[in-house]
Each structure stands twice: as C-alpha cells, then as structure tokens.
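Close look at the chain arrangement
Here is what each chain is made of, one letter per residue.
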Amino acid sequence: MLSVNRYKCGYCGACVGVCPAAALELVETWIEVNDDCTKCGRCTKICPLGALELVKEAQT
Amino acid sequence: MKCDLVVVGAGPGGSMTAKVAAEAGLDVVMLEKRQEIGDPVRCAEGVSKAALRKLVDLDPVWISAEVKGARLRAPDGTEIVMSEDRTGAEVGYVLERKVFDRALARDAAEAGAKVMVKTRALGLLHEKGVPSGISAQFVGESLKIEAPLIIGADGVESKVGRWAGIDTALKPKDIETCAQFLLQDEKIDDEYCEFYLGNDIAPGGYVWSFPKGEKLANVGIGVLGSKANSGTPIRLLREFVAKNFPDGKILEMMVGGVPVSGPIETTTADGVILVGDAARQSDPITGGGIINAMRAGVMAGEIAADQVPKGEVDKESLQIYEKRWRETIGKQITRNFAVKEFFVDLTDDDLNHLTHSLNGINVAELDLRGLLKVLVRQNPKHLLKLRHLIV
Ligand SMILES: Cc1cc2nc3c(=O)[nH]c(=O)nc-3n(C[C@H](O)[C@H](O)[C@H](O)COP(=O)(O)OP(=O)(O)OC[C@H]3O[C@@H](n4cnc5c(N)ncnc54)[C@H](O)[C@@H]3O)c2cc1C
Ligand code: SF4
Ligand code: SF4
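Described below are features of the structure shown in this document. Per chain, residue numbering runs from 1 following the sequence as it is written. Here the convention is simple: chains get letters from A, ligands get numbers from 1, in the order in which they are written. With pLDDT at 70 or above as the cut-off, local features in this predicted model cover only qualifying residues; side-chain atom pairs require 80 or more to be listed or tallied, and sums for whole chains, interfaces and linings still use all residues. Hydrogens and water are ignored here; the side-chain numbers use all heavy atoms of the structure.

Description of unusual backbone geometry
Residues and elements named next belong to chain B. Along the chain, Asp39 connects to Pro40 via a cis peptide bond; the corresponding omega equals 0 degrees. Secondary structure counts use DSSP, requiring at least four H or I residues in a row for a helix and at least two E residues in a row for a strand, with both numbered from the N terminus. As for its placement among the helices and strands, Pro40 is situated in the loop between strand E2 (28-31) and strand E3 (46-47). With phi around 50 degrees, Lys118 is a residue other than glycine that occupies positive phi space. Position of Lys118 relative to the elements: it lies in the loop between strand E8 (114-116) and strand E9 (119-127). Look at Lys118 and you get partly exposed, because its relative accessible area is 33%. Residues other than glycine seldom take positive phi values, yet Lys215 does so here, at roughly 55 degrees. Mapped onto the fold, Lys215 is located in the loop between strand E15 (206-213) and strand E16 (216-224). In this scheme, a residue with accessible area under 20% of its type's maximum is buried, one over 50% is exposed, and one in between is partly exposed, where area comes from a 1.4 Å probe on protein chains only.

Okay, structure coming up:
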C-alpha cells in the first residue's frame with residue numbers, strides 16, 4: 001500500500017505528475033490515493049521530501 | 001452553468017489564456033482548485049526582463065529584485081559570469097509570484113472572465129462522445145459547466161490531458177524534483193542569480209540562488225528524477241546550505257516538480273487544449289516555465305476566440321495551436337531538451353573541463369544559447385553531438 005506521511009508532505013503535486021496510473025490527486029494540502037495505484041513506486045522516488053512510502057499491507 | 005470556454009488552473013498560463021479570450025469577447029470561466037491563487041508558490045521566480053515586458057505592462061509591486069546577471073559555478077569552483085542587459089537573457093527579474101499570479105488573474109477578471117477559486121475540476125463532461133464541459137467541485141458542492149472548449153492549464157499535476165486521452169505522465173528522467181528555502185544570510189549576493197553545478201551538489205540538475213531583496217534569496221535545488229531517491233532534494237539542499245550558508249536563516253520552504261520532458265506528442269484533443277506545465281512546455285535546461293506558459297496562454301486564448309464562434313474545436317481544427325506553439329516556443333524547448341539529455345550525464349571532470357575552455361573568452365554579453373555556441377566552438381570533439389543543435 002502507498003502510505004502518505006501528511007505531516008511531511010509539502011503538497012507540491014510532483015508525485016501526481018509522474019504517476020502512470022493517475023492514481024494520485026492533490027486537493028489543497030491533501031494527497032489522495034485511489035484504487036488504481038499499482039504500487040509501482042515511481043512517486044516514492046520523486047517526492048522531494050520523502051513523504052511517500054510503499055508499505056506491506058497489514059494482514060487481516 | 002454554460003459558457004464559451006472553461007480554463008482549468010489560474011497560474012500564469014491559465015490567466016493569460018482567460019484574459020486574451022475574454023478580451024476577444026468569449027464568455028470565459030476560469031477554475032482554480034486552491035483557495036488562494038498563487039499560494040503556495042512552487043517557483044524560484046526568475047524571469048527574463050525582455051520576455052516579460054513583451055507580454056504584460058510591468059507593475060513594480062510584483063518584482064522582488066532586479067539582477068545584473070547570472071553566475072555559473074563549476075564543480076571545482078571556476079566561475080562564468082553572464083550579464084543580464086541583453087535581449088534573450090534568461091534572468092533579470094525575480095518576481096513575487098504570490099502577487100504576480102493574483103495580478104494576472106485580476107487582469108483576466110477585468111477583461112470579463114469569471115474566476116472561481118476553491119473550485120476543482122473533476123473530469124470532462126461528454127455529449128455524443130465529445131467533451132462538452134467540466135464537472136467540478138465548488139467549495140465542496142458539485143457543479144457542471146458546459147462549454148465547447150476546455151483549456152487544461154493545470155500545471156505539473158495536470159489531469160485535463162489525461163481525461164482527454166493524452167498521456168502526460170512524466171517519466172523520472174523527465175522531471176526535476178525540487179526543494180527551496182527562502183534564505184536570509186549576510187553571504188547572499190543581491191546582484192546575481194547564481195547556479196552551482198556538480199554531481200554531488202545536484203545530480204542531473206543544479207542549485208540556484210535567486211536574490212529576493214536585501215540579503216534574502218530563493219536558494220533551491222533541482223535533481224533529475226531518475227537520479228533521485230525518496231527525499232534526495234531536501235537532503236542535498238540542507239547539505240548545501242549547511243556548507244555554503246552555515247548561518248543562513250530559513251524563512252520559508254517549498255517543494256515542487258518541473259517537467260523537463262521536451263515537447264510531448266500532442267497537446268490537443270477534441271475540445272481540449274493544454275497550456276504551460278500541463279503541456280510540459282517548461283524549458284528542459286533552466287526549468288523556467290513562466291514565460292512559456294504565458295506565451296502559450298496567449299496563443300491558446302487567441303485560437304479559442306477564433307475557433308469557438310465557428311464551432312470548430314475538434315482536434316483537427318485545433319492543430320493551429322500545435323503548429324503555432326511548436327514553431328515558436330517549441331523550437332527552443334526541443335533544442336534545450338537535446339542539450340539537457342547530453343549535459344545530465346556529464347561527469348564533474350567534464351563540467352570543469354568545459355568551464356575552463358571558456359578561459360580568456362568574454363562571455364559576459366552572452367545568453368544561454370550564445371554560451372552554448374561558444375562551448376561547442378571551443379570543444380568541437382567533446383560536444384560534437386550538440387553541434388547540429390546549436391549552430
Ligand atoms: C522549484 C521550482 C522552481 C521554479 N523556478 C522557476 C523560475 O525561476 N522561473 C520560471 O520561469 N519558472 C520556474 N519554475 C516553473 C514554473 O513555476 C512553472 O513553469 C509555471 O508556474 C507554470 O505555469 P502554469 O500556469 O502552466 O502552471 P501553474 O503555475 O502550476 O498553475 C497551475 C494551476 O492549476 C491549478 N489546478 C491544478 N489542477 C486543477 C484542477 N483539477 N482544478 C482546478 N485548478 C487546478 C493549480 O492549483 C495551479 O494553481 C519553477 C518550478 C519549480 C517547481
Ligand atoms: S511529491 Fe511528496 S511533497 Fe509533493 S505532493 Fe507528493 S507527497 Fe507531497
Ligand atoms: S506507486 Fe505508482 S501507481 Fe501508485 S501512486 Fe505511486 S506512482 Fe502511482
């Protein structure tokens with residue numbers, strides 16, 4: 001799962017611009033992730049602040 | 001709601017489009033998802049004086065500083081100084097974009113455009129398979145705006161193109177990922193825009209310092225996406241500041257991404273035109289995109305004013321936009337993309353060597369293109385690949 005650290009995020013939209021699946025959206029200061037995310041990791045490398053991370057899904 | 005033209009995004013590209021189209025008589029609605037136009041800023045705010053003057057009547061309240069020129073610093077510290085006062089120079093004014101962007105939106109409003117803030121475009125409306133407007137959210141309420149033509153001036157995070165089937169997703173090698181501080185320090189040069197090159201300093205990019213007033217500057221970094229990892233820009237910027245401005249005080253910080261992809265395949269679709277960063281029209285070498293967005297906005301506004309009354313807004317009819325921008329700003333974007341592709345893989349030794357080759361040559365009067373020409377002349381073998389691009 002893509003995790004957004006919203007305390008770190010600088011709401012710049014760079015991740016939105018690189019996402020091949022158009023899974024991200026910037027709403028004012030809030031990054032939304034939708035179900036189209038393929039967990040490719042591209043956005044995590046681009047984020048200037050390191051606010052994005054792919055984390056293992058919690059087992060339920 | 002119904003109108004002739006919907007402009008998505010109230011940056012410099014959107015506001016110029018809206019202004020030109022409204023002046024020509026179109027009924028224009030411009031949407032901006034933020035509640036404050038121009039804020040937060042995602043820019044180092046440098047523009048060419050001559051280019052800006054051609055586009056708008058200057059108002060001194062937008063200008064934070066005027067510079068004498070640019071200073072480039074090679075990895076080993078060798079410097080090249082270029083003066084500003086010639087047409088075509090890339091630097092000249094450092095703007096206050098919070099004020100500038102709002103002033104351009106005000107101009108659009110004065111020309112008759114309806115400006116709606118805190119209004120986010122959510123998708124295209126369709127009628128008989130062709131775009132017929134925009135669905136949006138206006139302060140949390142849903143809203144439909146019908147219009148035959150939609151301008152996507154929605155910046156680096158653009159969605160309008162994607163909704164229309166244009167894949168604008170940037171590859172890592174096609175984006176500079178950036179961080180910037182507004183820095184106060186005695187050591188800041190108030191008169192020159194400075195550029196620091198080096199693979200340790202800024203892989204595939206550079207560090208800049210753009211004066212913002214007395215002992216104040218936008219000090220920032222751009223790193224090529226393909227050479228970056230999570231958080232690289234902010235880490236390297238902190239290192240740079242600790243080394244070069246150890247007593248510097250950070251008054252603001254911001255982050256952002258600049259497209260450096262060069263011209264994309266298409267910037268039009270049935271009923272849709274893309275402008276500025278949304279069309280990836282920023283300069284691949286400098287990362288400057290304000291002027292190109294404004295110029296493309298003027299073209300899009302004029303073309304909208306011609307095409308909408310005729311009812312000719314299909315992709316075929318909009319090829320005049322493709323043609324017009326590719327033959328003007330597109331030429332330099334294409335050339336600079338090729339130059340960038342070459343430069344990003346140079347080693348520090350290469351960069352030092354190139355800088356030394358300018359020893360004894362007066363480059364003060366050159367702009368970026370002139371400088372590249374001299375570099376090719378001085379290093380014919382090394383820069384063989386660039387020769388056909390520059391001359
Ligand atoms: C760190 C950094 C430094 C830079 N330095 C310089 C520089 O020194 N000189 C220079 O010329 N350029 C510089 N640039 C580039 C410059 O900022 C951009 O090229 C310029 O802002 C592009 O203008 P625009 O109108 O195309 O897009 P923007 O200015 O990005 O405007 C797009 C607008 O659209 C809005 N929007 C997006 N999606 C929606 C939606 N769905 N609905 C409604 N509104 C929406 C956004 O909120 C935004 O206000 C820099 C960029 C960065 C990141
Ligand atoms: S790239 Fe990083 S800082 Fe910018 S909006 Fe995305 S998560 Fe936030
Ligand atoms: S991981 Fe890939 S698909 Fe998911 S949001 Fe990031 S860039 Fe998009």
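Details of the sheet that holds strand E13 (residues 175-184) of chain B
All names here are of chain B. In spatial order, the strands read E6-E5-E14-E15-E16-E13-E17; together these 7 strands make up an open sheet with mixed pairing. Here the strands that pair on one side only, and so sit at the sheet edges, are strand E6 (79-83) and strand E17 (249-259). Direction aside, the axes of adjacent strands within the sheet are offset by 20 degrees on average. With 10 bridges joining them, E13 and E17 adopt antiparallel strand pairing. Along E17, the bridge assignment pairs Ile175 with Pro259. Sheet contacts for helix H5 (residues 232-244): E13, strand E14 (192-196), E15, E16 and E17; angle to E13, the most-contacted strand, approximately 35 degrees. For two strands to pair, DSSP has to find at least two bridges joining them. With axes taken as lines fitted to C-alpha atoms, and helix axes fitted only over the stretch in contact, angles between N-to-C directions fall between 0 and 180 degrees. Residue contacts follow a heavy-atom distance rule, with two residues in contact if any of their heavy atoms lie within 4.5 Å.

With respect to the layout of surface pockets
Residue and element names in this part refer to chain B. Computed over the protein atoms alone on a 1 Å grid, cavities are sets of points where a 1.4 Å probe fits but cannot get out and pockets are open sets with protein on both sides within 12 Å along at least five of seven lines; a residue lines them when it has an atom within 4 Å of a point. Grid points are joined across faces, edges and corners, and a volume is the space filled by probe spheres set on the points. Volume-wise, the second largest pocket comes out at about 400 Å³. Residue lining of the second largest pocket: 22 residues in total, with Pro40, Val41, Glu252, Met253 and Met254 positioned closest to the centre. For the lining of the second largest pocket, the secondary structure elements donating two or more residues are E13, E16 and E17. Per element, the largest residue contribution to the lining of the second largest pocket is 4 residues, and it comes from E17.

Points about the site of ligand 3
All names here are of chain A. Surveying the vicinity of ligand 3 reveals the residues Leu2, Cys19, Pro20, Ala21, Leu24, Cys37, Thr38, Lys39, Cys40, Gly41 and Cys43. Pocket occupancy is defined atom-wise: a molecule lies in a cavity or pocket when more than half of its atoms are within 2 Å of its grid points. The cavity that encloses ligand 3 is the largest cavity. Following the grouping adopted for this structure description, the nonpolar residues are Ala, Val, Leu, Ile, Met, Phe, Trp, Tyr, Cys and Pro, the charged ones are Asp, Glu, Lys and Arg, and the polar ones are all others, Gly among them. Residue composition of the shell around ligand 3, by class: 8 nonpolar, 2 polar and 1 charged. Whether a residue is near a molecule or strand is decided by its heavy atoms; if any one of them lies within 4 Å of it, the residue is near.

Considerations on the site of ligand 2
All names here are of chain A. The full set of residues close to ligand 2 is Cys9, Gly10, Tyr11, Cys12, Gly13, Cys15, Ile31, Cys47, Pro48 and Leu52. Using a 2 Å cut-off from the grid points, one finds that ligand 2 occupies the second largest cavity. Classifying every residue of the shell around ligand 2 gives 8 nonpolar, 2 polar and no charged.

A look at the packing of helix H7 (residues 319-327) of chain B against helix H8 (residues 329-343) of chain B
To describe two helices that pack against each other, one gives the angle between their axes and the distance between the axes. All names here are of chain B. Look at H7 against H8: their axes get within 3 Å of each other, and the N-to-C directions meet at 60 degrees. Taken together, the axes of H7 and H8 are oblique relative to one another. Contacts between H7 and H8 involve Trp325, Arg326 and Glu327 from the first element and Ile329, Gly330, Lys331 and Ile333 from the second. Here the contact of H7 with H8 is composed, by residue class, of 3 nonpolar, 1 polar and 3 charged. An angle below 35 degrees is treated as roughly parallel, one above 145 as roughly antiparallel, one from 65 to 115 as roughly perpendicular, and anything else as oblique.

So, the pattern of salt bridges
Two side chains that carry opposite charge are able to pair once their charged atoms sit near each other. Residue and element names in this part refer to chain B. When a carboxyl oxygen of Asp or Glu is within 4 Å of a side-chain nitrogen of Lys or Arg, the pair counts as a salt bridge. In this structure the tally under the stated criterion is 28 salt bridges over all chains. Between Glu157 and Arg42 there is a salt bridge, with its nearest N and O atoms 3.2 Å apart. Placement of the pair is Glu157 in the loop between strand E12 (149-152) and helix H4 (160-163) and Arg42 in the loop between E2 and E3, with a sequence separation of 115 residues. Given the relative accessible area of 29%, Arg42 is considered partly exposed. Taken together, the salt bridges that share partners define one network made up of Arg71, Arg73, Glu79, Asp189 and Glu194.

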